[in-house]
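Chains, contacts and geometry: an overview
Here are the chains, one letter per residue:
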Amino acid sequence: MLRRDRGALAGALLFAAVVLAALFAGALTPYDPLAIRMQDRLQPPSARHLLGTDELGRDLLSRILHGGRASLSVGVVAVGIAATAGTAMGLVAGYYGGALAAVIMRTVDGLLAFPALILAMALTATLGPSLTNAAVAIGIVTIPAFARLAQASALAIKEREFTDAARACGAGDLYVLVRVLLPNHVSPLMVQTSVSFANAILTEAALSFLGLGIQPPTPSWGAMLDTGRRYLDQTAWYSMAAGGAILIAVLGLNLLGDGLRDALDPRLRGARAARLAEEPSG
Amino acid sequence: MAAPATGPASPRPTPGGVLRVTLGAEPTTLDPHRSSTLFDFHVKDALFDGLLEDDFTQGPKGQLAESWESPDASTYIFRLRQGLRFHDGQPLTAESIKFTVERSLAQGTGQPRVLVEQIAATEVLDPRTVRFRLKAPNAAFLLDAADIKVVPPNFDERNPVGSGPFQFVEWVRLRHVRVRKFPGYYSSGQPYLDELVFLPTPDENQKLVLLESGQVEFTDTVPLPRVQAVRQAGRVRVHGIPPGVSPSSYYLLTRADRPPLDNLKVRQAISFAIDRKALLEVTFGEGTLKSNAIPPRHWAFNPQSVSFNERDLARARRLMSESGVGGVTLQLKHLTSRAEFFPIAQVIQANLAEIGIRVELLPQQIGIWINQVLVQRDFQLGLTGVIPPYDPDSILGNLFSIRRVNGRAIGWRHELFEKQLDQGRSVVRQADRKRVYDHAQLIVQYDAPGIILNERPILYGALPSVRGFVPDVRQHMHFHGVWLSR
């Protein structure tokens, strides 16, 4: 299905490259991302330092690659929290309805009422700035997206014949929730996951930019973007490298998410097919 | 030294004009007896005068006082200038001095309060003559007298009236502090400027942008990464103090009365582990390599005391293993008011990792930092910039003595050191005093209760039209002699 959509393919490749680069960061570059060498500081890109060096003489490429680990792990943890909690809350609310749904969904609405970044800032400021706390905070603010989506799915799926059939066969609530509703919710869940993953990376970068995310000396794209700003007129590379890394990861995920949505949503698939058909082929 | 950097043989100053000056942070108060940050001092110096001018590199100079004498080191008599007035027109007399001392004692905090605590009695001999009797001899009292800023009896912080070259107009929080020329200033013709506006501007690069685009005429710092380029471009003048003279330092406070930093060997290990040459690179070579609070070109400097200028990692590691302290994590609270605090803190973090100390960094705004570190003593390591008065008693006392603000935060008790300070105050001849401070430096450099990390450069940016500015070793900004050429 991805082969039919070049954007999605490009997205998948970009994101795969980011993941691989982060996983093999240690092997891809000879430099320790924490090793300070003042005499080499703020160098432009060269054969020795492909992206130049930062204000403490650390190799920027190593820091970008290692920074990817931090960003990706924040993304994984945050989306993990949000997808698990949000989907569970949404499915339960959608399936049972009534007072339970009201309580769950009003809580979600409450979370939604705060701008995500502000809420994440408040949470990290309270919990204390660190990688884990940033991930938890971003996870919490991402819950509403998953909960709303799951509730909508549950409302639709529980009215379908196959749900009635399952219940007629004697399936209990838990069985229906886990074996009927959840599998039928997988497509939108995947799309939402890729989009939320991209947002999590962006939010983490914003928190680190503000000094509330990953703490030095651990490299972080957002913090590098912030520090690079101070040396903008000496090495524009510094900020550009950090910004570029964020751009590639987020662009990849968004293209992938778009492609997945097109591929997985039956209605859009029809629309897309029709659109494709109108274009001259050959 | 500290020569006026005002270009060719000064033409006659032209009066008038507005000077806009950036400040690294909002002042915390305009009450001169409660000021704590450098930014409080910058505004305070415009509004208030002391008995003497506070730059002592060329010896004491009178400000409100026209003459002074000291029959012995615990008695000081000041004779005021004639016809002094406060901004609101009331006369400034010896009674005002007495009131000022009483007020700082009753309502003052921090350094301004410490200054007056040494005074046993303030006696008004006649309307223009005041005599201080000190609790103990203090040969360096003249410098302290310069820092006691005089206020009228009905002083109100919301409309701070003083007798300085400028009088208060308004303080719009987070926007500006405006002051205007005080026409009744004692020094004839001065100040030349009609108005002075302080603009809190936390971002150093923004300060330079404001200066280069003519939106301010003067900046209180120049971002260190850009000093070279700015000097070469020549559109903006960089004023500064030659290196090695000013007691300005980056200062790492250690909480020396709590484990693990109560352990002498841990403190020594930290000081040996920090790479001060790398730190000098962080400041782009501006400032001076030093590990002693007394500047290397100061008359009281003791080259025999322990120097940490050369990093000695092997020794630091040995000291750590001897200390029996291992696998420790320390929190380092550092200021954000200058850009270089971030990389300095990171170099410390990397250096200490090599001797098995994990450092967590916590950047804090100056008001929060002062409250947590200096007032509540809630810290392990605290990184700041300090700039004590020029006398060795003030330099060593302000940074390390348990009786002063920084020393109280550190909590380092050393009886012999305190005795040396007392003795240094009681003798008057410089050669005798030098011997005492030589000894005090031996003690403090060995014990490393607070760690000096090079000279913190003092640099100002100004448009070429700004004339008559004289940088002072204490980083006080004086604008009474500044004028704008057209």
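Residues numbered from 1 in each chain as written. Chains lettered and ligands numbered in written order. Predicted model: local features only at pLDDT ≥ 70, side-chain atom pairs only at ≥ 80, totals over all residues. Heavy atoms only, no water.

1. Structural notes on the pattern of salt bridges
All names here are of chain B. Summed over all chains, the structure comprises 47 salt bridges over all chains. In this structure, the salt-bridge partner of aspartate 147 is arginine 474, at a minimum N-O distance of 3.0 Å. One end of the pair, aspartate 147, is in helix α4 (residues 141-147); the other, arginine 474, is in the loop between β17 (466-467) and β18 (483-484), and 327 residues separate them in sequence. Among the residues examined, arginine 474 registers a relative accessible area of 2% and is labelled buried. (Salt bridge = Lys/Arg side-chain N within 4 Å of Asp/Glu carboxyl O. Helix = DSSP H or I, 4+ residues; strand = E, 2+ residues; numbered from the N terminus. Buried < 20%, exposed > 50% of the residue type's maximum accessible area, 1.4 Å probe, protein only.)

2. Looking at the sheet that holds strand β4 (residues 119-126) of chain B
What links the strands of a sheet is backbone hydrogen bonding, and the strands pair in either a parallel or an antiparallel sense. All names here are of chain B. Spatially, 4 strands are ordered β2-β3-β5-β4 in an open sheet, and the strand pairing comes out antiparallel. Strand pairing shows two members of the sheet lacking a second neighbour, β2 (65-72) and β4, which therefore form its edges. The sheet shows a mean angle of 20° between the axes of neighbouring strands, direction not considered. With 5 bridges connecting them, strand β3 (residues 75-80) and strand β5 (residues 129-134) associate as antiparallel partners. Opposite phenylalanine 78, over in β5, you have valine 130 as the bridge partner. On top of the sheet, helix α2 (residues 94-107) reaches β3, β4 and β5; it is set at about 165° to β4, its chief contact. (Pairing = 2+ DSSP bridges. Axes fitted to C-alpha atoms, helices over the stretch in contact; angles between N-to-C directions. Contact = heavy atoms within 4.5 Å.)

3. Examining the domain arrangement of chain B
Residue and element names in this part refer to chain B. Each domain of chain B was delimited in the assignment, giving domain 1 (49-146), domain 2 (166-240 + 458-484) and domain 3 (249-455). Taken over C-alpha atoms, the centre of domain 1 sits 31 Å from the centre of domain 3. The interface of domain 1 with domain 3 comprises 11 residues on the first partner and 15 residues on the second. Taken together, both faces of the contact between domain 1 and domain 3 bury some 990 Å²; the carbon and sulfur share is 67%. Considering only the surface of domain 1 that becomes buried against domain 3, Val114, Ala139 and Leu143 emerge as the three largest contributors, covering 39% of it. Counting the contacts that link domain 1 with domain 3 gives 0 salt bridges. For the pair domain 1 and domain 3, the interface holds 2 residue pairs in polar contact (both at pLDDT 80 or more). Looking at the side of domain 1 that touches domain 3, the element that brings in the most residues is helix α3 (residues 110-117), giving 3 residues. For the side of domain 1 that touches domain 3, the per-class residue count stands at 6 nonpolar, 4 polar and 1 charged. (Domains from an automatic or database assignment. Buried area = accessible area lost by both parts, 1.4 Å probe. Polar contact = N/O pair within 3.5 Å; in protein donor to acceptor, adjacent residues only side chain to side chain. Nonpolar A, V, L, I, M, F, W, Y, C, P; charged D, E, K, R; others polar.)

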